[in-house]
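These are the residues of each chain, in order.
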Amino acid sequence: LIQMVWYGFDNSYMLECIRRYPGLFSGVAQIDEHGDTAATLRSLVPLGVRGARIVPPFPGAPDWLKGAGMAALWRAAAKESAAICHLVDAVDLPSIDAMCRQHADAPVVIDHCARIGGDGVIRDVDVRRLADLARHPRVHVKLSAFYFLGDKTPPYRDLLPMLRRLIHAYGPGR
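Residues numbered from 1 in each chain as written. Predicted model: local features only at pLDDT ≥ 70, side-chain atom pairs only at ≥ 80, totals over all residues. Heavy atoms only, no water.

*Asks:* Please clarify how the overall build of the chain should be interpreted in this entry.
*Replies:* Counting its secondary structure elements, the chain contains six helices and five strands. The principal-axis extent of the C-alpha atoms belonging to the chain is close to 40 × 35 × 30 Å. Counting only residues that meet the buried cut, the chain has 45% of its 174 residues in that class. For the chain, the proportion of contacts with a sequence separation of at least 24, taken over those separated by at least 6, is 69%. Carbon and sulfur atoms make up 57% of the accessible area of the chain, which totals about 9,100 Å². (Helix = DSSP H or I, 4+ residues; strand = E, 2+ residues; numbered from the N terminus. Buried < 20%, exposed > 50% of the residue type's maximum accessible area, 1.4 Å probe, protein only. Contact = heavy atoms within 4.5 Å. Areas by Shrake-Rupley, 256 points an atom, 1.4 Å probe, with all protein chains shown as cover.)

See the structure below:
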């Protein structure tokens, strides 16, 4: 289960679903980077949380990953083997690359192909940046939210070149 952004940092509904159906669900929580991120993540992992979704304040926000809370979250994620799940746009990929170099042991997930093509245009430079993150062995990409990408028209054939490139870069296992 993914904690939706409009619930903010209140993960209680997701945690209740995990508790109510043991063994069926695990979750990705929203964690406030201004709080004690490491302690929060450590407290959620035993409850079935397997990752933390992070969202920049706006696409391309400068230094959004450079705060002490983010560094602590990435260190805790590496220690707990909990994924840092990025709900970002392609403009944020260079910042993520820098954090992956600093925290190589942290599992990372890029949600929804970094929303490449959300504005209707799939730019080669964006696909290249996302494919290049594959050099970090703990980075994964969710091939999802096709309804939001490119032409936004089923069966989403316009996305096939991007998807093939990402599958080639990451392999089917990640």
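*Asks:* Got a minute to help me understand helix 4 (residues 93-102) in this structure?
*Replies:* Working note: α-helix, 3.6 residues per turn, so residues spaced by three or four point in the same direction. Looking only at helix 4, the buried set comprises L93, I96, D97, M99 and C100. An end-on view of helix 4 places all buried positions within 165° of arc, on one side of the element. Facing away from the buried side of helix 4 by over 90 degrees, the exposed positions are R101 and Q102. In this fold, the buried residues of helix 4 make contact with helix 3 (68-80), strand 3 (83-86), strand 4 (108-110), helix 5 (124-132) and strand 5 (139-141). (Arc of directions from axis to C-beta.)

*Asks:* Looking at this structure, how should I read a nonpolar patch on the surface?
*Replies:* A cluster of nonpolar side chains, contributed by I2, M4, V5, W6, Y7 and V55, occupies part of the molecular surface with about 560 Å² of accessible area. Tracing the backbone through its elements, the reader meets I2 in the segment before helix 1 (12-20). Classification of I2 by relative accessible area gives partly exposed; the value is 33%. (Patch = residues over 30% accessible without salt bridge, like charges linked within 9 Å, V, L, I, M, F, W, Y side chains within 5 Å. Salt bridge = Lys/Arg side-chain N within 4 Å of Asp/Glu carboxyl O.)

*Asks:* How do you make sense of the pattern of salt bridges when you look at a structure like this?
*Replies:* Enumeration over the complete set of coordinates arrives at eleven salt bridges. A salt bridge links R101 to D97, with the nearest nitrogen and oxygen atoms 2.5 Å apart. Of this pair, R101 and D97 both sit in helix 4, four residues apart, which is roughly one turn of the helix. You can call D97 buried: its relative accessible area is 11%.

*Asks:* Help me understand the side chain of T37, please; the structure alone is not making it clear to me.
*Replies:* Counting through the fold element by element, T37 comes out in helix 2 (residues 37-44). Among the polar contacts made by the side chain of T37, one reaches the main-chain amide nitrogen of L73 at a distance of 3.2 Å. Discounting residues that sit within four places of it in the chain, T37 has contacts with I31, D32, G69, A72 and L73. (Polar contact = N/O pair within 3.5 Å; in protein donor to acceptor, adjacent residues only side chain to side chain.)

*Asks:* Just to check I follow, could you spell out the nonpolar core for this structure?
*Replies:* In summary, soluble globular proteins display a tendency toward joint burial of nonpolar side chains. Of all hydrophobic cores here, the largest spans 48 residues; its most connected members are W74, I96, I110, L130 and M162. Broken down by element, this core gets its largest block of residues, six residues, from helix 3. Setting aside anything within four residues of it in sequence, one finds I110 in contact with H86, L93, I96, L130, L133, V139, H140, V141 and K142. (Core = buried A, V, L, I, M, F, W, Y, C linked by side-chain atoms within 4.5 Å.)

*Asks:* Looking at this structure, I do not really get the pairing of strand 1 (residues 27-30). What am I missing?
*Replies:* Two faces belong to every sheet, and in a regular strand the side chains alternate between them. On strand 1, burial covers both faces: G27 and A29 on one face and V28 and Q30 on the other are all buried. Here strand 1 runs beside strand 2 (residues 49-54); their pairing, made up of four bridges, is parallel. Directly across from A29, in strand 2, lies its bridge partner A52. With helix 2 bridging strand 1 and its parallel neighbour strand 2, the resulting β-α-β unit is right-handed. (Pairing = 2+ DSSP bridges. Right-handed = clockwise from strand over helix to strand, strands pointing away.)

*Asks:* Explanation requested: the packing of aromatic side chains in the structure shown.
*Replies:* Ring pairs (aromatic) are described by centroid distance and by the angle formed between their planes. Here the structure, examined in full by the defined rule, presents three aromatic pairs. Seen from their ring centres, Y21 and F25 are 6.0 Å apart, and the 90° between their planes marks the pair as edge-to-face. A relative accessible area of 41% places Y21 in the partly exposed class. Judged by its relative accessible area of 32%, F25 is partly exposed. When the ring centre of F148 is taken as reference, the NZ or CZ atom of K152 above it lies at 5.7 Å. (Phe/Tyr/Trp six-rings, centres within 6.5 Å; stacked < 30°, edge-to-face > 60°. Lys NZ or Arg CZ within 6 Å of the ring centre and 35° of its normal.)

*Asks:* I would appreciate a short explanation of the pairing of strand 2 in the present structure.
*Replies:* Most of strand 2 sits out of view: five of its six residues are buried. In this fold, the crossover linking strand 2 to strand 3 by way of helix 3 has right-handed handedness.

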